[in-house]
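# What the coordinates show
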Amino acid sequence: MRILRISTLILIAVIRSLTLSAGNETEVEKALSNVDLLLDNGDIKKAIKTLDKAINLYPQNAELLSTRSGLFILMDRSKEAKRDAYAAIQADPYSCRANFAMSQFHIMQDASDSALWCINRAKNMIADDSMKESVFGLKGKIHLERNELYDAESALIEAGLCQEVSMNTMRDLATALHMRGKDEEAIIILKETLDMFGEDMESYINAGYMCNQVGWYDEAITYLTEALALESTQPFALSNLAYSQLMIGHAEEALKTVKQSLDNDNSNAFAYKVKGQILEQMGEPALACKEYKKAVLMGYGVLYDVKEISLLIISACNTE
């Protein structure tokens, strides 16, 4: 009987421990759910206060700490983000969310090797689909910034297959496809992005740019016109529209459009390149040469294609 009583007491203690643990987990889940609602309403300060209260109760909870770290990253508060990211990893080094938060912090510090190492750990610790899109989306973004295009595309496709997909994942996937020379596929992704998320300036401009790349000029004009309906002075929408107009034979109209683009942003390297192409087609190679050189000064070779701008300079400037 004595042995039975001890065993019973131990069992009761275990049950109480499990009940307390389950209670903690419920409270944590409730806090995280409230944070999600507050973030949906754009109230990041209240979200952090909610996490502060929960962390005071459960200071070793990796989910709460890593979530607060992510919010501090959004607010560009690196000191607090670092504190919480390291505390989350210390609390649970095998937490997917904690490793995700640490990867985000390393990105904030421009430490891509460390960021990639952490996100690969997070990838191997995904317990369910709730974190899958975020993890693979961030992994794809890291590879994209490192110009590791095959790995970027693979990770972003994995993220894109999730039930819920973010706009950033869709944009990054379109960018990766474009950089791998898959413009038609990139356009399809951008069209899906617009269908899913509605009017979006960046997606309209990117779709217009990529349509220009594959020679779909009328479709490019449609997307760029939509972008300009949202913001009539948007310089990149205007410079891409000018290129579309040039390619369908409306050089005079294109020149007016690209001048408007440069009036709004005189550092737009792409606009100088387009203006040079317009002037060259209008029989003004000397003026075109000057515009191409301005494009180079504004970083066209770094931002876009050094070979393209070099050939344009050779073509126009050698006729002077």
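Anyway, here's the lowdown on the structure attached to this text. (Residues numbered from 1 in each chain as written. Predicted model: local features only at pLDDT ≥ 70, side-chain atom pairs only at ≥ 80, totals over all residues. Heavy atoms only, no water.)

## So, the state of the cysteines
Rules: To count as a disulfide, a pair of cysteine sulfur atoms needs to be within 2.5 Å. Secondary structure elements follow DSSP: runs of H or I of four or more residues count as helices, runs of E of two or more count as strands, with numbering from the N terminus.
All chains considered together, the criterion is met by one disulfide. Each disulfide pairs two cysteine sulfurs, and for Cys289 the partner residue is Cys317, the sulfurs being separated by 1.9 Å. Where Cys289 bonds to Cys317 through sulfur, the torsion about that S-S bond is close to 100°, and the disulfide is right-handed. Here Cys289 is found in helix α16 (residues 285–297), whereas its partner Cys317 is found in helix α18 (residues 306–317), with 28 residues between them in sequence.

## A word on the nonpolar core
Here is the rule we go by: Throughout, nonpolar core names a set of buried Ala, Val, Leu, Ile, Met, Phe, Trp, Tyr and Cys residues whose side chains join them through atoms within 4.5 Å. Remark: exposure states derive from per-residue accessible area (1.4 Å probe, protein chains only) relative to the maximum for the residue type, with buried under 20%, exposed over 50%, and partly exposed in between. Only heavy atoms matter for contacts: two residues are in contact if any of them lie within 4.5 Å across the pair.
In this structure, Val258, Val274 and Ile278 are the most contacted members of the largest nonpolar core, which totals 56 residues. When residues no more than four places from it in sequence are discounted, the contact partners of Val258 are Ala242, Ala271, Val274, Lys275 and Ile278. One finds Leu38, Leu64, Leu71 and Ala85 within the second-largest nonpolar core, a separate group that totals 24 residues.

## Quick look at the packing of helix α15 (residues 269–281) against α18
Spelled out, the test is: Axis definition: a line fitted to C-alpha atoms, limited for helices to the stretch in contact. Angles are taken between N-to-C directions and run from 0 to 180 degrees. It is the rotation of the near helix from the far one that decides the hand of a crossing: anticlockwise by less than a right angle makes it left-handed, clockwise makes it right-handed. The nonpolar class holds Ala, Val, Leu, Ile, Met, Phe, Trp, Tyr, Cys and Pro. Asp, Glu, Lys and Arg form the charged class, and all remaining residues, Gly among them, are polar.
Running from amino to carboxyl end, α15 crosses α18 at an angle of 30°, the nearest separation of the two axes being 11 Å. Judged by the sense of rotation from one axis to the other, the crossing of α15 with α18 is left-handed. From α15, Lys273, Gln277 and Glu280 reach across to α18, where they touch Glu308, Ile309, Leu312, Ser315 and Ala316. Broken down by class, the residue content of the contact of α15 with α18 amounts to three nonpolar, two polar and three charged.

## What to know about the environment of Asn34
Take Asn34: it is sitting in helix α1 (residues 2–40). For Asn34, a relative accessible area of 35% puts it in the partly exposed group. Sequence spacing of Asn34 and Ala47 is 13 residues, and the spatial spacing of their C-alpha atoms is 7.6 Å.

## Here's the deal with a positive patch on the surface
Using the following cut-off: In this scheme, patches are assembled from residues that exceed 30% relative accessible area and form no salt bridge. Like charges are connected within 9 Å, while nonpolar side chains (Val, Leu, Ile, Met, Phe, Trp, Tyr) are connected within 5 Å. Residue burial considers only the protein chains on display, and all accessible areas are found by Shrake-Rupley using a 1.4 Å probe. Take a side-chain nitrogen of Lys or Arg and a carboxyl oxygen of Asp or Glu: if they are within 4 Å of each other, that pair is a salt bridge. The charge count treats Lys and Arg as positive and Asp and Glu as negative. His and the chain ends do not count. Think of each charge as sitting on NZ of Lys, CZ of Arg, CG of Asp or CD of Glu.
Taken together, Lys45, Lys46, Lys49 and Lys53 make up a surface patch of like positive charges. Relative to the helices and strands, Lys53 resides in helix α2 (residues 44–57). Residue class for Lys53 comes out exposed when judged on its relative accessible area of 62%.

## With respect to the side chain of Asp265
Positionally, Asp265 belongs in the loop between α14 (251–264) and α15. Here Asp265 is buried and forms no salt bridge, its nearest opposite-charge partner Lys294 lying at an N-O distance of 13 Å. Leaving out residues up to four positions away in the same chain, Asp265 has contacts with Pro235 and Phe236.

## Focus: the side chain of Asn240
Looking at where Asn240 falls in the secondary structure, it is placed in helix α13 (residues 235–247). Look at Asn240 and you get buried, because its relative accessible area is 4%. Setting aside its immediate chain neighbours within four residues, Asn240 contacts Ile205, Tyr209, Asn212, Leu224 and Phe270.

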